[in-house]
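One-letter residues, chain by chain:
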Amino acid sequence: MTQRLRHLAIPLFLLACLLAGGASAAGYWSNLALQLAALPIIVGAAIVRRATPMPAESRPALLLLAATAALILLQLVPLPPAIWTHLPGRGPVAAGFTLLGLPLPWLPVSLEPYRTIASALWLLPAIAVFLGIAVLGHYRASWIAWGLAAVSLVSVALGALQRAGGEQSGLYLYQITNFGVMTGFFANANHLGTLLVVTIPFLAGLYLNAARAGRSIQRSSGLLVVLVGAAMILAVGLVGVASLAAFGLAIPVAGASAMIIYSAKRQPPRWMFALLLLVLVGSIATVFTSPFDNNLTGQRAYTAEDSRLTSFTVTAAATKRFLPVGSGIGSFQEVYRTHEDPAQVDRFYMNHAHSDVLELALETGIPGLLLVAAFIAWWLRRSFSLWRNPEADPFAKAATIAIGAMLAHSTVDYPLRTAAISAIFGMCCALIASPRSATSRRTGKRRSRARHIVAD
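Residues numbered from 1 in each chain as written. Predicted model: local features only at pLDDT ≥ 70, side-chain atom pairs only at ≥ 80, totals over all residues. Heavy atoms only, no water.

1. A word on the pattern of salt bridges
(1) Moving on: By the definition in use, this model includes five salt bridges.
(2) Moving on: For Asp413, the salt bridge goes to Arg308, with nearest N and O atoms at 2.7 Å. Residue Asp413 is located in the loop between helix H17 (394–410) and helix H18 (419–433), and its partner Arg308 is located in helix H14 (residues 308–322); the two are separated by 105 residues in the primary sequence. This pair shows no difference in class: Asp413 is buried, exactly as Arg308 is.
(3) Moving on: Note that Asp356 is salt-bridged to Arg417, the shortest N-O span being 2.6 Å. With Asp356 in helix H16 (residues 356–387) and Arg417 in the loop between H17 and H18, the pair connects residues that are 61 residues apart, well separated along the chain. (Salt bridge = Lys/Arg side-chain N within 4 Å of Asp/Glu carboxyl O. Helix = DSSP H or I, 4+ residues; strand = E, 2+ residues; numbered from the N terminus. Buried < 20%, exposed > 50% of the residue type's maximum accessible area, 1.4 Å probe, protein only.)

2. Points about the packing of helix H9 (residues 189–212) against H18
(1) Moving on: Contact geometry for H9 and H18: axes closest at 11 Å, N-to-C directions at 25 degrees. One finds that H9 runs roughly parallel with respect to H18. Here H9 and H18 pass one another in a crossing that is left-handed. Across from His191, Thr194, Leu195, Val198 and Phe202 in H9, the residues of H18 making contact are Ile421, Ile424, Met427, Cys428 and Leu431.
(2) Moving on: Grouping the amino acids of the contact of H9 with H18 by side-chain chemistry returns eight nonpolar, two polar and no charged. (Axes fitted to C-alpha atoms, helices over the stretch in contact; angles between N-to-C directions. Parallel < 35°, antiparallel > 145°, perpendicular 65-115°, else oblique. Left-handed = near helix turned anticlockwise from the far one by under 90°. Contact = heavy atoms within 4.5 Å. Nonpolar A, V, L, I, M, F, W, Y, C, P; charged D, E, K, R; others polar.)

3. With respect to the packing of helix H3 (residues 59–74) against helix H7 (residues 124–136)
(1) Moving on: Put simply, H3 and H7 touch, their axes get as near as 12 Å, and they point 155 degrees apart. Considering the angle they form, H3 stands roughly antiparallel to H7. In this structure, the crossing between H3 and H7 has a hand that is left-handed. Within the contact between the two elements, H3 uses Ala61, Leu62 and Leu65 and H7 uses Ile127, Phe130, Leu131 and Val135.
(2) Moving on: Along the lines of polarity and charge, the residues of the contact of H3 with H7 split into seven nonpolar, no polar and no charged.

4. Observations concerning helix H8 (residues 141–165)
(1) Moving on: Taking 1.5 Å per residue as the helical rise, H8 with its 25 residues ought to reach 36 Å, and the 36 Å between its terminal C-alpha atoms agrees with that figure.
(2) Moving on: Remark: Gly166 follows H8 within two positions and exhibits a positive phi of approximately 75 degrees. (Expected span 1.5 Å × (residues − 1).)

5. Comments concerning the nonpolar core
For soluble globular proteins, the rule of thumb is that nonpolar side chains tend to be buried together.
(1) Moving on: Core analysis: the biggest nonpolar cluster contains 91 residues, and Ile133, Leu195, Phe202, Trp378, Ile424, Met427 and Cys428 have the highest contact counts within it.
(2) Moving on: Within the second largest apolar cluster, nine residues are counted, among which are Val314, Phe332, Tyr336 and Met350. (Core = buried A, V, L, I, M, F, W, Y, C linked by side-chain atoms within 4.5 Å.)

6. Quick notes on the packing of aromatic side chains
(1) Moving on: For the structure shown, the criterion picks out four aromatic pairs.
(2) Moving on: On the basis of an interplanar angle of 50 degrees and a centroid distance of 5.8 Å, the ring pair of Phe375 and Trp378 is categorised as tilted. In this pair, Phe375 and Trp378 are both assigned in helix H16, three residues apart and thus about one turn of the helix distant.
(3) Moving on: Given the relative accessible area of 5%, Trp378 is considered buried.
(4) Moving on: Looking at Lys397, its charged tip hangs above the ring of Trp387, at a distance of 5.4 Å from the centre. (Phe/Tyr/Trp six-rings, centres within 6.5 Å; stacked < 30°, edge-to-face > 60°. Lys NZ or Arg CZ within 6 Å of the ring centre and 35° of its normal.)

7. Some details on the environment of Thr400
(1) Moving on: Turning to its location among the elements, Thr400 is positioned in helix H17.
(2) Moving on: Dropping the residues within four chain positions of it, Thr400 is found in contact with Trp379, Ser383, Leu386, Trp387 and Ile432.
(3) Moving on: At a separation of 2.5 Å, a polar atom in the side chain of Thr400 contacts the main-chain carbonyl oxygen of Lys397. (Polar contact = N/O pair within 3.5 Å; in protein donor to acceptor, adjacent residues only side chain to side chain.)

Nothing here speaks to function; it is all geometry.
In structure tokens form, the structure reads like this:
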């Protein structure tokens with residue numbers, strides 16, 4: 001009973017993140033509750049001794065996590081005026097103190113140290129999910145996958161009711177949201193699209209996991225019907241969300257998900273991966289060309305002040321000014337306001353760059369970009385290793401696809417800045433960092449049955 005409760009802890013916490021962590025600019029109390037709930041898991045991972053040693057595959061991920069924490073801490077270290085005044089972009093700050101007749105104080109690298117701390121706290125749910133799986137090992141991948149699928153399906157149903165009710169619908173969960181469209185448990189419709197896309201490969205993982213468990217033909221066929229029906233509902237949801245990025249990613253993700261089942265018997269040939277890459281490129285090209293009007297390459301990109309093209313242009317200009325150390329995590333809004341055209345400013349403001357790559361480049365400079373590059377290298381290495389092994393955990397393979405989808409979407413949006421999507425990201429990183437092969441799972445089941453017989 002105790003072991004089962006432990007296995008439920010991380011799936012339940014992830015479920016709470018999916019239901020209550022769907023906003024980045026709203027939902028402060030729910031996000032605070034998730035951050036506080038994450039602390040016991042993180043502390044437990046730090047002090048509890050594992051029964052078995054950590055897998056070698058998880059050590060690079062833990063080092064990346066430690067490097068991220070070190071980068072945040074370094075941005076908060078106070079520096080003497082002789083140092084920080086020579087950092088790029090700090091001239092106006094020094095001029096302000098001089099204008100007021102005040103001595104130059106010791107200041108950190110971050111222009112917004114309190115927001116840097118606040119941004120670090122937003123990472124806690126994702127870190128808790130990662131450590132709970134990779135370090136504590138308190139999870140069952142199938143339970144997590146079923147929970148992810150269930151929330152996605154309920155989100156589609158909720159989103160349909162929201163859209164049917166129009167902009168005045170009382171079913172929207174946040175005051176700052178995309179009224180009139182499907183958002184589900186999120187404030188941003190694009191982030192609901194991210195959830196639906198990353199759920200697709202886990203449906204394939206559920207089917208292959210059941211097939212490997214030796215279920216009867218009748219049960220396997222029934223499960224296949226259920227999963228195909230769920231995939232169709234997700235497809236309807238993606239159409240209803242109307243997120244161009246999510247819609248463009250859904251096609252290659254669906255193809256990669258089908259390869260999970262194919263790879264169970266043999267290693268997929270290279271031409272399959274080449275075809276999948278071609279489909280990905282074609283999907284992206286289709287999304288960013290007519291008849292789709294987007295605010296990055298379409299007509300609205302040149303006429304709207306809040307378009308992604310404008311945001312990318314202004315953010316890139318600000319990034320050049322603050323390289324190589326960046327302006328500090330959490331400082332985007334204040335820095336962006338000093339670079340946008342005052343004649344074009346209205347009652348709307350840019351809360352994020354709508355590209356996490358650009359925003360990280362602005363706030364963390366070259367060190368942050370190096371961390372991103374190191375993570376991508378680790379993800380690619382683990383992906384190649386898992387996909388070459390027919391016995392690899394299907395949920396780990398699903399996680400490699402989901403990570404790729406979230407990274408791709410983050411180039412034109414900021415889904416990882418919500419607790420919900422960041423928790424999924426942490427889950428996926430843990431699944432590929434400490435995967436369980438089909439052989440080990442079958443061996444574990446036989447051993448558990450043997451212990452049960454002896455106990456009787």
